Structures are given as C-alpha cells and as structure tokens.
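# Chain and residue survey
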Number of protein chains: 2
Amino acid sequence: MTAGPATVSTGGQEDTRTRLLGTALRLFTEHGVEGTSLQMIADALGVTKAAVYYHFKTKNEIAEAVAEPGLKELNEVVEEATRQRRRGQQVDHLLTGFVDVVVHHRALIALFNRDHGVLRSVTKSWAGEENFGERILEILIGPDGDVNRAVAAHAAIAGIALTGGAPEFAELDDDTLREHLLDVGRKLLGRPRRVS
Amino acid sequence: MTAGPATVSTGGQEDTRTRLLGTALRLFTEHGVEGTSLQMIADALGVTKAAVYYHFKTKNEIAEAVAEPGLKELNEVVEEATRQRRRGQQVDHLLTGFVDVVVHHRALIALFNRDHGVLRSVTKSWAGEENFGERILEILIGPDGDVNRAVAAHAAIAGIALTGGAPEFAELDDDTLREHLLDVGRKLLGRPRRVS
DNA sequence: GTCTATAGCCTGATAGAC
DNA sequence: GTCTATCAGGCTATAGAC
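It should be emphasised that the depicted structure is a prediction, and the values quoted were computed from it without experimental measurement. (Residues numbered from 1 in each chain as written. Chains lettered and ligands numbered in written order. Predicted model: local features only at pLDDT ≥ 70, side-chain atom pairs only at ≥ 80, totals over all residues. Heavy atoms only, no water.)

## Overview of the domain arrangement of chain A
Residue and element names in this part refer to chain A.
- The assigned domain composition of chain A is domain 1 (12-57) and domain 2 (67-189).
- The partner domain 2 presents four residues to the eight residues of domain 1 that form the contact.
- In total, domain 1 and domain 2 occlude about 490 Å² of area from one another, counting both sides; carbon and sulfur atoms represent 63% of this.
- For the interface between domain 1 and domain 2, the tally reads zero salt bridges.
- At the junction of domain 1 with domain 2, the criterion picks out zero residue pairs in polar contact (both at pLDDT 80 or more).
- Along the lines of polarity and charge, the residues of the side of domain 1 that touches domain 2 split into three nonpolar, three polar and two charged. (Domains from an automatic or database assignment. Contact = heavy atoms within 4.5 Å. Buried area = accessible area lost by both parts, 1.4 Å probe. Salt bridge = Lys/Arg side-chain N within 4 Å of Asp/Glu carboxyl O. Polar contact = N/O pair within 3.5 Å; in protein donor to acceptor, adjacent residues only side chain to side chain. Nonpolar A, V, L, I, M, F, W, Y, C, P; charged D, E, K, R; others polar.)

## Considering the confidence of the model for chain A
- Summary statistics for chain A give a mean pLDDT of 87 and a share of 84% for residues scoring 70 or more.
- Model confidence for chain A, summarised as mean pLDDT per element, is weakest for helix α7 (residues 118-121) of chain A at 49 and strongest for helix α10 (residues 174-189) of chain A at 98. (pLDDT = per-residue confidence, 0-100. Helix = DSSP H or I, 4+ residues; strand = E, 2+ residues; numbered from the N terminus.)

## Points about the protein's contact with DNA strand C
- Neighbouring DNA strand C are 16 residues, the closest being Thr 48, Tyr 54 and His 55 of chain A together with Leu 38 and Tyr 53 of chain B.
- Protein-proximal atoms of DNA strand C, defined as those within 4 Å of the protein, fall in sugar or phosphate at a share of 63%.
- Note that a phosphate oxygen of DNA strand C is positioned 2.8 Å from one of the side-chain N or O atoms of Tyr 54 of chain A.
- For DNA strand C, a phosphate oxygen lies 2.7 Å from a polar atom in the side chain of His 55 of chain A.
- Listed by contribution, the elements that provide at least two residues to the surface near DNA strand C are α1 (13-31) and α3 (49-55) of chain A together with α2 (38-45) and α3 (49-55) of chain B.
- For the surface near DNA strand C, the residue count by class is six nonpolar, eight polar and two charged. (Near = heavy atom within 4 Å.)

## Re the relation of the copies chain B and chain A
- The two copies are related by a screw motion: chain B maps onto chain A through a turn of 180° and a shift of 0.1 Å along the axis, at an RMSD of 0.2 Å. Such a turn and shift between the copies fits a two-fold axis.
- Take the interface residues of chain B: 100% of them recur as interface residues in chain A, which is what a same-surface contact looks like. (Least-squares fit on C-alpha atoms with pLDDT ≥ 70 in both.)

## Concerning the protein's contact with DNA strand D
- Within the structure, DNA strand D sits among 13 residues, and Leu 38, Tyr 53 and Thr 58 of chain A together with Thr 48 and Ala 51 of chain B are positioned closest to it.
- Among the atoms of DNA strand D lying within 4 Å of the protein, the sugar-phosphate backbone contributes 65%.
- The contact in question runs from a phosphate oxygen of DNA strand D to an N or O atom on the backbone of Leu 38 of chain A, over 2.8 Å.
- In this structure, a phosphate oxygen belonging to DNA strand D sits 2.8 Å away from a side-chain N or O atom of Thr 58 of chain A.
- Of all elements in the fold, only α3 of chain A together with α3 of chain B reach the threshold of two or more residues within the surface near DNA strand D.
- Ranked by residue count, the leading element in the surface near DNA strand D is α3 of chain B, at four residues.
- Here the residues of the surface near DNA strand D sort into six nonpolar, five polar and two charged.

## Thoughts on the interface of chain B and chain A
- Taken together, the contact pairs 30 residues of chain B with 30 residues of chain A.
- For the pair chain B and chain A, the summed buried area comes to about 2,500 Å², and 66% of that belongs to carbon and sulfur atoms.
- Area buried by chain B at its contact with chain A is led by Val 151, Leu 162 and Lys 187 of chain B, which between them contribute 21% of it.
- Taken together, the links from chain B to chain A amount to zero salt bridges.
- Put simply, chain B and chain A have six residue pairs in polar contact (both at pLDDT 80 or more) between them.
- If you list the elements that add at least two residues to the side of chain B that touches chain A, you get α6 (106-115), α7 (118-121), α9 (147-164) and α10 (174-189) of chain B.

## Observations regarding the side chain of Thr 23 of chain A
Residue and element names in this part refer to chain A.
- Here Thr 23 shows up in helix α1.
- Residue class for Thr 23 comes out buried when judged on its relative accessible area of 13%.
- At a separation of 3.1 Å, a polar atom in the side chain of Thr 23 contacts the main-chain carbonyl oxygen of Leu 20.
- Ignoring any residue separated from it by four or fewer positions in sequence, one finds Thr 23 in contact with Ile 41 and Leu 45. (Buried < 20%, exposed > 50% of the residue type's maximum accessible area, 1.4 Å probe, protein only.)

## Side note on the environment of Leu 172 of chain A
- Tracing the chain through its elements places Leu 172 of chain A in the loop between α9 (147-164) and α10.
- With 98 residues separating them in the primary sequence, Leu 172 of chain A and Leu 74 of chain A have C-alpha atoms 22 Å apart.

## What about the nonpolar core?
- Ranked by internal contacts, the top residues of the largest apolar core, which has 111 residues, are Ile 62 of chain A together with Ile 41 and Ile 62 of chain B.
- Contacts of Ile 62 of chain A, omitting those with residues within four sequence positions, involve Leu 20, Leu 21, Ala 24, Phe 28, Leu 38, Ile 41, Val 52 and Phe 56 of chain A. (Core = buried A, V, L, I, M, F, W, Y, C linked by side-chain atoms within 4.5 Å.)

## Some words on the UniProt feature "DNA-binding region" (unreviewed entry) in chain A
- UniProt tags residues 37-56 of chain A as "DNA-binding region" (unreviewed entry).
- Taken as a whole, residues 37-56 of chain A contains 75% helix and 0% strand, while its terminal C-alpha atoms sit 14 Å from one another. (UniProt positions renumbered as here; feature names shortened; annotations may be inferred.)

## Points about α10 of chain B
- In this model, α10 of chain B (16 residues) spans 22 Å end to end at C-alpha, consistent with the 22 Å of a helix rising 1.5 Å per residue.
- Within α10 of chain B the residues assigned to the buried category are Leu 177, His 180, Leu 181, Leu 182, Asp 183, Val 184, Gly 185, Arg 186, Leu 188 and Leu 189 of chain B.
- Of the surrounding elements, those touching the buried residues of α10 of chain B are α9 and α10 of chain A together with α5 (87-104), α6, α8 (132-141) and α9 of chain B.
- Immediately downstream of α10 of chain B, the backbone of Gly 190 of chain B shows phi near 70°, a positive value. (Expected span 1.5 Å × (residues − 1).)

Below you can see the structure in the form of structure tokens.
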C-alpha cells in the first residue's frame, strides 16, 4: 500500500504499473482471477486493453505480479530456515514462518485458492526460483523421513494454506488465527509447543 | 469403469452420453478441466460442439456429471455418520468414510484440485443436496467445539483431500495411502487409533 | 516510451435447419 | 437427435499515433 513513487530515476513509469496492479488486485478479490477480464481492468483504469497489454504481456503475468509480495516473503522464510543449524530448528522456523506468511497475506491466498488451488500457485515453481515448494517439503520431511512423514508434511502445508485463506476465518484477528494454524502444524509434524 | 450399457429401457440414448463422459474424463485428466475445450471433446468423439451441447447444456454440467460418483459416495458417508448415536462414532465414521472416498476417487480429486481447489468442488453445494460441505464440518466440530477445533477440522478436510490427490502419492497403493491419511485426521481431530 | 485503434483466433453458447 | 451457422466475449498481437 501507499505506493509512493518518491523520486525514482525511472520517473512516472511505475505509476501506471502500480496503479494497474492495485486495481487488478481489487477486481481479482471481488470477482476472482478467472472472473476478471482484461477489459474490466482496462475500464476501471480508464484505458484500453492494449494499454494493459503494454505493461503485461499476458494475464498470468498480472496474477504473478500480484502474488509476488507473498511469494517473496515465503522465499525468505525458506532461505532463513535452510541456514538453521539443527534440524528441529529448521522445521520450527519454517513452520512459524509459513504460518506468518499465510496469516499476513491471507487475502491474497484466499484469492488464489479460488481459481488455482494452493499447491499449484504457492507450492509450484516461481518466477526465477525453481520449484521452491519442494524445498519446503524437503525441510519438513527431513533426510530420514518415511512416507507417513511425507503425507503429514504435505497435509500440513495444504491444510494451513487452505484454512488460512478460508472465508470462515476471515474475521479472526491475526494473532488468534496464527496460534490455531501453528497448532495444526505442530500436531501433524509432531513438534512440541514452544515455551513462550 | 466397464460402462456396460446392459439393457436399459432408454435404448441407445445413454450410449453417446456415457461415451462422452468417458472421453471427457480422459481429457480432463490429461489437460485439466479449464484446459479442455468443448472443441477437443467434440473432436475426440468425432462430432461437433453442438452435438455435445445437446447432451449437456453447459460445460459445468459435464464436470458435475464426471464428479457425481464421488460426490454420491461422500453423501452416503455423511448420512450414515449422521445416523450414528454417539458423537465419537459420528466423527470416526465420517473420518474413515471421507478417507475411503478420497482414496477411492483420488484420480477424480486430483482433477478437481487442479482447477477449483477442493473446498470449492467438494465442500460446496452439490446438485440437489444443499451445501453438504458444511454438514461435514458441523459433525467434525461438534456442538461444543471452539475455534481451535474448527480450524483443525477445516485443515483436516483440506489436508486429506489435497494430499490424497497429490501426484507425489499417486503410486502408493490404496491401503497404505488410506492408513497415512487416517493418521492425519486422527492427529488433527484428536481421535485415538482404533484397535484392529 | 506510452498509449489507441484494430484485428485474429479461440471459447462457450444459442437458434434453427435437416 | 444431430448438426450447420452464427453470436458475443475472451485473450493475444500488431500497427501506428503522440
């Protein structure tokens, strides 16, 4: 929010682009991604479809750009978790970090749960970073993990992401939702509750 | 499978319809629902688009018809669970029944995970039966369930469905997958392992 | 660099002829 | 019952004005 252009060397170029992403997010939230046409975005901006096409070559590029903040945060969480020494710390860091990202960007997640399904948009590959969804599962499962552990890890990621974006819990405040989602992860991954 | 027409009083009418559903399922599995056009279905059948429209008024009707066997089974599970006397029995019956349906129809579930997300196609309303996804959650949560229980139940349904349809576990045999998915549900819902 | 105008091709969907 | 012809609307693409 507050996309202040400040004094960027690129000048007003970012202006239309960010304005476009803003209204795109608004329309996506309102009508879903598939339910939002480029025409609607163009009309809301007061420009033509071709003007939209100039900034983003495809509709998917717009969706990716909208999702980027959340994916970027999640990527940082994964990298931080990888740098942890002990395996228990890796799992705990990843779990809490994942839940934080989900809670923080739950509006975004609710959006992508509508059209794609989470495993496709969150767990799959991201622009640049090769499939970092697998990296998340690798850390959670561990080197000596069996099938049971793999199923549990998979269910944890899917359950947390889908539940975090569920409209039923949209009114819950961040802290409460985070605590309950953490509980889901801890039950499935067998991590004890941290002393606070 | 083995859609034997047998001797139906309606004559050869069912023939084209079932043939259509068969190829539709095949194409859906291959390219996803959104990725399959009516043109592709018509071409694969050797007919025109309008011929397809004669049997199904809309593309969604085809998808619903393809998903119907699984939804029908799930509905029976819910009704059976409702008839159970004690609440623990209701939860156990629903959990095992849900896992059974997921495992049995995992190809179908994998299909709908791709385009909709499970909570939209499995948990939402079904032709005729009003939103029976809520009925599932009601039973799992129970009359005196708090928010923590609601989040756990939601995560259990989502986690089981998405994990059951995940391609990573497609090669697993039914019994193994069922056991691990049951474990997920038991951990989240706090049900002890049944003595076998 | 930024946008308008226009067009191509495909989709789901309808109306009406055999 | 089945198909031809046709429609409005979607995304993608190019040409050219400022």
